[in-house]
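Structural description and commentary
If you want the building blocks of each chain, they are given just below.
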Amino acid sequence: MTTSTRGAAKTPAVLVLEDGRVFRGRAYGAVGETFGEAVFSTGMTGYQETLTDPSYHRQVVVMTAPHVGNTGVNDEDPESKRIWVSGYVVRDPARVPSSWRSRRTLDEELAAQGVVGISGIDTRALTRHLRERGAMRVGIFSGDAVKDDSALLARVQEAPQMKGANLSAEVATTEPYVVPAIGEKKFTVAAVDLGIKGMTPHRMAERGIEVHVLPATATVEDVYAVNPDGVFFSNGPGDPATADHPVSVMQGVLERGTPLFGICFGNQILGRALGFGTYKLKYGHRGINQPVQDRTTGKVEVTAHNHGFAVDAPLEKVSETPFGRAEVSHVCLNDNVVEGLQLLDRPAFSVQYHPEAAAGPHDAAYLFDRFVSLMEGQRA
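What counts as what
Residues numbered from 1 in each chain as written. Predicted model: local features only at pLDDT ≥ 70, side-chain atom pairs only at ≥ 80, totals over all residues. Heavy atoms only, no water. Core = buried A, V, L, I, M, F, W, Y, C linked by side-chain atoms within 4.5 Å. Buried < 20%, exposed > 50% of the residue type's maximum accessible area, 1.4 Å probe, protein only. Helix = DSSP H or I, 4+ residues; strand = E, 2+ residues; numbered from the N terminus. Contact = heavy atoms within 4.5 Å. Domains from an automatic or database assignment. Buried area = accessible area lost by both parts, 1.4 Å probe. Salt bridge = Lys/Arg side-chain N within 4 Å of Asp/Glu carboxyl O. Polar contact = N/O pair within 3.5 Å; in protein donor to acceptor, adjacent residues only side chain to side chain. UniProt positions renumbered as here; feature names shortened; annotations may be inferred. 1 Å grid on protein atoms, 1.4 Å probe; cavity = no way out; pocket = protein on both sides within 12 Å on 5 of 7 lines; lining within 4 Å.

Our next topic: the nonpolar core. Generally speaking, soluble globular proteins have nonpolar side chains that are buried together. Counting residues in each nonpolar core, the largest one holds 34 residues, and the members touching the most others are Val223, Phe233, Met250, Leu254 and Leu274. Broken down by secondary-structure element, the contributors of at least two residues to this core are strand 12 (187-192), helix 7 (220-224), strand 14 (230-233), helix 8 (244-256), helix 9 (265-273), strand 19 (324-332) and strand 20 (338-343). A per-element tally of this core places helix 8 first, with five residues. Contact partners of Leu254, with chain neighbours within four places excluded, come to Leu260, Leu270, Ala273, Leu274, Phe323, Leu343, Arg346 and Ala348. Val179, Ile196, Cys264 and Ala364 belong to the second largest nonpolar core, which has 24 residues in total.

The domain boundaries assigned to the protein delineate domain 1 (12-158) and domain 2 (168-376). Placing a centre on the C-alpha atoms of domain 1 and another on those of domain 2 gives a separation of 28 Å. Every contact between the two is made by 24 residues of domain 1 and, on the other side, 23 residues of domain 2. Summed over both sides, the interface of domain 1 with domain 2 buries roughly 1,900 Å², with 47% coming from carbon and sulfur. Taken together, the links from domain 1 to domain 2 amount to one salt bridge. Where domain 1 packs against domain 2, one counts 14 residue pairs in polar contact (both at pLDDT 80 or more). When residues of the side of domain 1 that touches domain 2 are traced back to their parent elements, those giving at least two are strand 4 (31-41) and helix 3 (123-133).

This part takes up the environment of Ala348. Along the polypeptide, Ala348 turns up in strand 21 (residues 348-351). With a relative accessible area of 4%, Ala348 lands in the buried category. When the C-alpha positions of Ala348 and Val22 are compared, they lie 46 Å apart, and in sequence the two are 326 residues distant. Beyond its immediate sequence surroundings of up to four residues, Ala348 is in contact with Leu254, Leu260, Gln342, Leu343 and Leu374.

Okay, the UniProt feature "binding site: L-glutamine" (unreviewed entry) in the protein next. When the UniProt feature table is mapped onto this chain, "binding site: L-glutamine" (unreviewed entry) is found at Ser55, Gly236, Gly238, Phe265, Gln268, Asn306, Gly308 and Phe309. Spanning 255 residues, the annotated positions come together in the fold, the maximum distance between their C-alpha atoms being 13.3 Å. Cross-referencing the annotated residues with the lining of the largest cavity gives Asn306. Turning to its location among the elements, Gly238 is positioned in the loop between strand 14 and helix 8. The contacts of Gly238, once residues within four sequence positions are left out, are Met162, Ala165, Leu167, Phe265 and Phe309.

With that settled, consider the UniProt feature "active site" (unreviewed entry) in the protein. Taken from the UniProt record, the annotation "active site" (unreviewed entry) applies to Cys264, His354 and Glu356. With the annotated positions falling across 93 residues, the maximum pairwise C-alpha distance of 11.2 Å places them together in a single cluster. Lining of the largest cavity among the annotated residues: His354. By the secondary structure assignment, Cys264 is in the loop between strand 15 (260-263) and helix 9. Ignoring anything within four residues of it in the chain, the contact list for Cys264 reads Asn235, Asn306, His307, Val351, Gln352, Tyr353 and His354. Within the element layout of this structure, Glu356 appears in the loop between strand 21 and helix 10 (366-379). Judged by its relative accessible area of 0%, Glu356 is buried. With residues near it in sequence (within four places) discarded, Glu356 still touches Lys197, Met199, Thr200, Arg203, Ile263 and Phe368.

Take a look at the structure:
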């Protein structure tokens, strides 16, 4: 990615998809060029949390909501220390933000962090194209980076694909750190950071959990060095088929029978640890309005998603695994994609979506309580 920030609002910009489709608009954020996988997010709010979610590393996010940036950018809502998206695509950016919490405009924040974007294009047409053709590589070019369309297309087609990408170590912490329990400490949890969002350890801390966040390279020995009551595997970017190390660590945790909880990438890691395969979805699930059924209760939840891969596990039967019986606990009502797994003979479960749900909805917050119940049961 190469960027500058001068005169972005009036600078022409071009978005080029790997199948040759071209959209023309204006630069938004930094001026320059960027590459990634084009995906769309259906959330109408929470753009600041989306931008700072490490799971979006190496992705160019297309916002389906037409008006973006209305509440500006504040210093309280980021899910990590930086913006992780490779590029940003909006139709009608806000001219003036309106929020008492706003400190600067979204355009200014994107420019300050070197994120190349484009505005003024038909994002509805782009979203329909991605739904029909699937997520694909894309480039955004503005300023001096704009060349002949054929030359730009060649650049896009040279960019790396998301399938086969091993990205967790690029976004995870390099040093362990601790998020203390809020109030009385009841449990200790070792959290393997594969791209963790800040709200996740906060949700655990609210429940009296001291969270030891460990690098993606952490070993089984590192996990148990903190004497955990439970182990957590976070969300994160990339292809789960490349995540052999986290799979091995999780299998070590399962062998010991320690209560285990996984979110998103952590769900895919559990799937692989149990012997199931994973596959790439056509265009993925991203946004904060996805309907999921908890099959253990029959309840339907509106949930927050950000995943382009899924677990290939049978929906209608209990499976035998090296760690006992397992079943699909949650399913997406839009397309029957596996959205959760649970073991019946060991204290372990996972979900594909985001129950920490910043910026919402909060229908799935009970899953943190379920994790606490597993640790309580193990202690008893």
